[in-house]
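So you can see what is in the structure, the chains are spelled out below.
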Amino acid sequence: MLSRAATTASHKAPPLTARAFPPSSFLAEELASRGWTAERFGKLTGLGAPRIRRILRGAGRRPLTASEAEAIGRALGTGAQFWLALDASWRRWRQEHPK
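Residues numbered from 1 in each chain as written. Predicted model: local features only at pLDDT ≥ 70, side-chain atom pairs only at ≥ 80, totals over all residues. Heavy atoms only, no water.

### Observations concerning the packing of aromatic side chains
- Enumeration according to the criterion identifies 6 aromatic pairs in this entry.
- Aromatic pair Trp-90 and Trp-93: ring centres 6.2 Å apart, planes at 15 degrees, arrangement stacked. Here Trp-90 pairs with Trp-93, and both are found in helix H6 (residues 80-96), just 3 residues apart, close to one helical turn. There is no split in this pair, since Trp-90 and Trp-93 are both buried.
- Taken together through their ring pairs, the aromatic side chains of Phe-21, Phe-26, Phe-82 and Trp-83 make up a single cluster. (Phe/Tyr/Trp six-rings, centres within 6.5 Å; stacked < 30°, edge-to-face > 60°. Helix = DSSP H or I, 4+ residues; strand = E, 2+ residues; numbered from the N terminus. Buried < 20%, exposed > 50% of the residue type's maximum accessible area, 1.4 Å probe, protein only.)

### Concerning the packing of helix H3 (residues 38-45) against helix H5 (residues 66-76)
- Where H3 contacts H5, the axes come no closer than 9 Å and their chain directions differ by 100 degrees. If you check the angle between H3 and H5, you find them roughly perpendicular. Of H5, the residues touching H3 (which contributes Phe-41, Leu-44 and Thr-45) are Ala-71, Ile-72, Arg-74, Ala-75 and Leu-76.
- Looking at the contact of H3 with H5 residue by residue, the class counts come to 6 nonpolar, 1 polar and 1 charged. (Axes fitted to C-alpha atoms, helices over the stretch in contact; angles between N-to-C directions. Parallel < 35°, antiparallel > 145°, perpendicular 65-115°, else oblique. Contact = heavy atoms within 4.5 Å. Nonpolar A, V, L, I, M, F, W, Y, C, P; charged D, E, K, R; others polar.)

### Some thoughts on the environment of Thr-78
- Within the fold, Thr-78 resides in the loop between H5 and H6.
- Residues in contact with Thr-78, not counting those within four places in the same chain, are Gly-73 and Trp-83.

### A short note on the pattern of salt bridges
- Summed over the entire model, instances satisfying the criterion amount to 6 salt bridges.
- A salt bridge links Arg-53 to Glu-39; the nearest nitrogen and oxygen atoms lie 2.4 Å apart. Separated by 14 residues along the polypeptide, Arg-53 in helix H4 (residues 49-58) and Glu-39 in helix H3 bring together distant segments of the chain.
- Taking relative accessible area as the criterion, Glu-39 reaches 41% and is therefore assigned partly exposed.
- A salt bridge links Arg-91 to Asp-87; its shortest N-O distance comes to 3.1 Å. One end of the pair is Arg-91 and the other is Asp-87, both in helix H6 and 4 residues apart, which spans about a single turn.
- When salt bridges that share partners are traced, they join Arg-51, Arg-62 and Glu-68 into one network. (Salt bridge = Lys/Arg side-chain N within 4 Å of Asp/Glu carboxyl O.)

### With respect to H6
- For H6, which comprises 17 residues, the first-to-last C-alpha distance of 24 Å matches the rise-based estimate of 24 Å (1.5 Å per residue) to within 8%.
- Turning to H6, its buried residues are Ala-80, Trp-83, Leu-86, Asp-87, Trp-90 and Trp-93.
- Where H6 is buried, its residues meet helix H2 (23-34) and H5. (Expected span 1.5 Å × (residues − 1).)

In structure tokens, the structure reads:
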């Protein structure tokens, strides 16, 4: 008869892999939860609505710039490093998990 440890070990589930998400998804959720439009957020950040819409539509196609991260972080109270790290994590995950 197998020990409980041996039985458990042979039936282990594969490790869970967290899926990263693009900063644009997180930003869209933040704006929605605050009831802010791209126009309002564009004015608040000084980036302008067209640039905010590009970021929101981008889904990580191009990296956030330091100035974008700074403006977004300042407006949301998170700081630029949060947005740059989120973007870097997304890009690293996409590289490790190509479609």
